[in-house]
Amino acid sequence: MHIRIINPNTTCAMTETIGAAAEKVAAQGARITATQPESGPVSIESHFDEAISAVGVAEEVLAGERGDDPVDAYVIACFGDPGLLAARELTRAPVIGIAEAAFHVATMISTRFSIVTTLGRTGIIAEHLLESYGFSHHCRRVRAAEIPVLDLEDNPDIAFQRLVEECLRAKEEDNIGAIVLGCGGMADLTDRISEAVGLPIVEGVTAAVKLAEALVGLNLGTSKHGDLAFPRPKPFVGRFESFSHL
Ligand SMILES: NC(=O)NC1=NC(=O)NC1=O
C-alpha cells in the first residue's frame, strides 16, 4: 500500500517531521511518500494561506495520479484540510484531511475533546471544520498555544512548553477526555505531550494514516457518483493552463 502524504506548506523540515511520524505508525508493508508543493506559503496561518495552498494540494494529487508509482491513498497534512473536496474530485483513492481524521478518532475515545492549535487566529478555521464535519457538539473548546507554525521547527522547546501548558489548562478547565493537536507540525509530539499532560492525545497525521489504511483495506475510495466525480474537462487559461482538460 502506498500513501502519499501532502504537506500543503512549502517547509521541507515540516514535511520530514510529518513523513517520519507517518512512517512510525504505518502498517507493515505500507509505503509512505511525504511531499509538498513547489510553490506556496512556508506556513499556513490564515484564510489566505489556506486558499493559496489548496492549489498546491491539487497539483500534488495530480502528480500522484499521473506518476508511475500508483497511490492508494492521500493525506492532506494541514489542520485546515485545505483543498480537501477539490482533491477528492481528482482521484478514486481515499483522500483524508488530518483535522477530519483527528475529529473522528477523538470521538471514538472520548465524548468531549478540546483542540489545541497554533495561533488563535486559525481557531476559526477549526471551528468551521467542526461545523462542516458535524463535530461541533463534541468539541468543548478550540484553544491556541499562540505559537507561529514554524516555531514548531525553529523553536521546538518553547513550542513544546507552550503546548503542554495549554493542554494542561484544557484538561483542568474543559471537562474533556482527550485533546486534538491542531497542526501537522505537531505530528512528532504526541507521546511526549500525552506523557506530560496525562490525557489521550489525538494527532491528525497519524490518525489519517491509520484511517487511510482502513479504507484501502475495505476497498473503499472516493465516490465518483455526485459531487466528487472527476471535474468536467474545460480550458484553464493563464497560470493554471496545465489544469486544462483534466
Ligand atoms: N492550525 C495550523 O497551524 N495548521 C497548519 N499550518 C501549517 O502550515 N500546517 C498546519 O497544519
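Everything that follows concerns the structure shown earlier in this document.
Predicted model, so just to flag it, every value in this text is computed and none were measured.

Draft legend 1. Quick look at the pattern of salt bridges. According to the stated counting rule, one finds nine salt bridges in the structure shown. The salt bridge partner of R141 is E173, with a shortest N-O separation of 3.8 Å. Separated by 32 residues along the polypeptide, R141 in strand β6 (residues 139-144) and E173 in helix α7 (residues 156-173) bring together distant segments of the chain. When salt bridges with common partners are traced through the structure, they connect R141, R143, E166, R169, E173 and D174 into a single cluster.

Draft legend 2. Highlighting the packing of aromatic side chains. Counted under the stated rule, the structure contains six aromatic pairs. A network of ring pairs unites the aromatic residues F79, F103, F113, Y133 and F135 as a single cluster. Directly above the ring of F230 sits K224, whose terminal nitrogen or CZ lies 4.5 Å from the centroid.

Draft legend 3. Inspection of the packing of helix α4 (residues 98-109) against helix α5 (residues 123-133) at higher detail. Orientation of α4 relative to α5, taken along the N-to-C sense of each, is 65 degrees, at an axis distance of 11 Å. Judged by the twist between their axes, the crossing of α4 over α5 is right-handed. Contacts between α4 and α5 pair A99, E100 and F103 from the former with A126, L129, L130 and Y133 from the latter. For the contact of α4 with α5, the per-class residue count stands at six nonpolar, no polar and one charged.

Calculation rules
Residues numbered from 1 in each chain as written. Predicted model: local features only at pLDDT ≥ 70, side-chain atom pairs only at ≥ 80, totals over all residues. Heavy atoms only, no water. Salt bridge = Lys/Arg side-chain N within 4 Å of Asp/Glu carboxyl O. Helix = DSSP H or I, 4+ residues; strand = E, 2+ residues; numbered from the N terminus. Phe/Tyr/Trp six-rings, centres within 6.5 Å; stacked < 30°, edge-to-face > 60°. Lys NZ or Arg CZ within 6 Å of the ring centre and 35° of its normal. Axes fitted to C-alpha atoms, helices over the stretch in contact; angles between N-to-C directions. Left-handed = near helix turned anticlockwise from the far one by under 90°. Contact = heavy atoms within 4.5 Å. Nonpolar A, V, L, I, M, F, W, Y, C, P; charged D, E, K, R; others polar.

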